Amino acid sequence: MEKRYPHKSTHSFLAILISTLVFFAFSSVDGSDQFDRLKTGHSGFEQPLDTTMTESPMSGKELYVQACSNCHGMDGKGGSVKQLGLQTPPADFTDCNFANREPDGDWIAVAHQGGPVRGFSTEMPAFGEALSVGELQKIMDHVRTFCTNKNWPRGELNLPRALVTEKAYPEDEVVVSSFIDVENEGAVINEIVYEQRFGMRNQIEIVLPFGYSQMPGGGWNGGHLGDLAVGVKRVFYHNYNSGTIFSLTGEVIVPTGDSATAFGKGTTVLEPFASFGQLLPAGGFLHVQTGLEYPMLQDKAGNEAFWRAALGKSINPDPWGRTWSPMVEMLGSKELESGTRVHWDLVPQMQITLNKRQHVMLNVGYRIPVDDAGRDSQIMIYVLWDWFDGGFFEGW
Ligand code: HEC
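Analysis parameters
Residues numbered from 1 in each chain as written. Predicted model: local features only at pLDDT ≥ 70, side-chain atom pairs only at ≥ 80, totals over all residues. Heavy atoms only, no water. Donors = N, O, S within 2.8 Å, 3.2 Å for Na, K, Ca; no water. Tetrahedral: all angles 85-135°; square planar, octahedral: opposite > 155°, others 65-115°. Helix = DSSP H or I, 4+ residues; strand = E, 2+ residues; numbered from the N terminus. Buried < 20%, exposed > 50% of the residue type's maximum accessible area, 1.4 Å probe, protein only. Core = buried A, V, L, I, M, F, W, Y, C linked by side-chain atoms within 4.5 Å. Near = heavy atom within 4 Å. Polar contact = N/O pair within 3.5 Å; in protein donor to acceptor, adjacent residues only side chain to side chain. Nonpolar A, V, L, I, M, F, W, Y, C, P; charged D, E, K, R; others polar. Salt bridge = Lys/Arg side-chain N within 4 Å of Asp/Glu carboxyl O. Arc of directions from axis to C-beta. Contact = heavy atoms within 4.5 Å.

Here we look at the coordination of the iron atom of the ligand
Protein-derived ligands of the iron atom of the ligand are His72 (NE2) and Met124 (SD), with the metal-ligand distances lying across 2.0 to 2.1 Å. Bound by six donor atoms, the iron atom of the ligand shows angles of 87 to 179° at the metal and therefore octahedral coordination geometry. Of this pair, His72 sits in helix H4 (residues 69–72) while Met124 sits in the loop between helix H7 (104–113) and helix H8 (133–143), placing them 52 residues apart in sequence. Residue Met124 is classed as partly exposed on the basis of its relative accessible area of 21%.

Written out as structure tokens, the structure reads:
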């Protein structure tokens, strides 16, 4: 073993170094804007953008009535396309299912810069010359009163997704991932994750892994199917003001994979886990996930506990543009049998929103085993499509 992994300690050192650099390269020490950042979520208004404008003494409601109600209606439902002479129906702010998933930051961007900034219609005008970000925030506070049910988790709590750690926020999304071994015999594991929300706080998820492995001679062994997982998640606690969300998930992994290879465990596995998300000052965020794996056939695989955390920060070099989210994940797992050791991995990574609507994202990272158990390092990649926000090719 030792011979095949001559650089393990260099690896651990590199892992820690890269992770620290990735994280702190973008950190600012300024925590003074904590409240604003929490409220504007991850669309980034680190400084007031228009300090030269004098703020109107009017309330958010008055400003809304003056600037927005013509199209969006006094009641926020959105006027009729016919009467307004528009092609596109104005957004209906009373629709809680739609309104709650959009963070204030995204909406302020649309109102400030006009629809096209997020790939929407030019019929949604830009108000950046007439209204300051502060005034638009007041308007948003009024717009938020149109959905009267406060049990919906707010979109601000939908933190950027890490490569491995599962988030607490329920989603409508498709994520396609590839994990590529970079040492010894190659292996590529791909995963298609489909997630769909139902009700206010629930989500169903289906995970289908498949992949390729390299044979000792060098040729590739194609098309292994992995073990299919089906899970249900429910949010048990969420608080917009403190920036906290907590959920529990029950997952069943069925042995559809080829158990003669590493792609199948050969037994049904039950996997309950808890996930926690927390917004931090200055665009920072933290995910924590912890759970257990109980294989039904104990001779095929042992019980295992795992814990994962991802610490990151969202950055918008252009306040209305792309969001960059550098993150570092720490992954730990241990078989629940005495004498087994804890496995530790570090995964420095960068998530980028690819399109204007910011509903298609790319994450690229590198998984580095920190303990000397002889596991391979992996390049990890995903493309995420939040399908509720529009088709894959919309909003570019
Ligand atoms: C001239 C009509 C008009 C006015 C005035 C108007 N809007 Fe809109 N707005 C629209 C239309 C049309 C859309 C739908 C755009 C689309 O779906 O492509 C829209 C969409 C939006 C969205 C939806 C973004 C999303 O995530 O789907 C927000 C937020 C918004 N408007 C905010 C405002 C605010 C705030 C004001 C007042 C400052 C305002 N609008 C004034 C026509 C208008």
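Structural notes on the nonpolar core
Core analysis: the biggest nonpolar cluster contains 19 residues, and Tyr64, Phe93, Trp107, Leu131, Leu136, Ile139 and Val143 have the highest contact counts within it. When contributions to this core are tallied by element, the ones reaching two or more residues are helix H3 (60–67), H7 and H8. With five residues, H8 is the single largest residue contributor to this core. Among the nonpolar cores identified, the runner-up in size contains 15 residues, and Leu163, Val193, Val269 and Met361 belong to it.

Some points on the site of the ligand
Taken together, 21 residues surround the ligand, and among them Cys68, Cys71, His72, Ser121 and Met124 come closest. Within the contact set of the ligand, a nitrogen atom lies 2.8 Å away from a side-chain nitrogen or oxygen of His72. Residue assignment for the shell around the ligand shows that the elements contributing at least two residues are H4, H7 and H8. Of the residues belonging to the shell around the ligand, the class tally is 17 nonpolar, three polar and one charged.

With respect to unusual backbone geometry
In this structure, Ala282 takes a positive phi of about 55° despite not being glycine. Along the chain, the position of Ala282 falls in the loop between strand S7 (269–279) and strand S8 (284–295). Of note, the phi angle at Gln358 is positive, near 65°, even though the residue is not glycine. Note on placement: Gln358 falls in the loop between strand S11 (343–353) and strand S12 (360–369).

Quick word on H7
The element H7 is extensively covered by neighbouring structure, given that nine of its ten residues are classed as buried. For H7, the complete set of buried residues consists of Asp104, Gly105, Asp106, Trp107, Ile108, Ala109, Val110, Ala111 and His112. Where H7 terminates, the next one or two residues include Gly114, which has phi positive at roughly 95°.

Thoughts on the pattern of salt bridges
Should the charged atoms of two oppositely charged side chains come close, the side chains can pair. Considering all chains together, one arrives at 14 salt bridges under this definition. With a closest N to O distance of 3.3 Å, Glu394 and Arg357 form a salt bridge. Linking Glu394 in the segment after strand S13 (378–385) with Arg357 in the loop between S11 and S12, this pair joins segments that are 37 residues apart in sequence. Judged by its relative accessible area of 40%, Glu394 falls in the partly exposed class. Salt bridges sharing common partners tie together Asp104, Arg144, Arg154 and Glu156.

Description of H3
Among the residues of H3, those classed as buried are Gly60, Leu63 and Tyr64. Projected down its long axis, H3 shows its buried positions confined to an angular sector of 100°, all on one face. For H3, exposure combined with an orientation more than 90 degrees from the buried face picks out Lys61 and Gln66. Those residues of H3 that are buried are in contact with H4 and H8.

Spatial relationships are all this shows, so hold off on functional conclusions.
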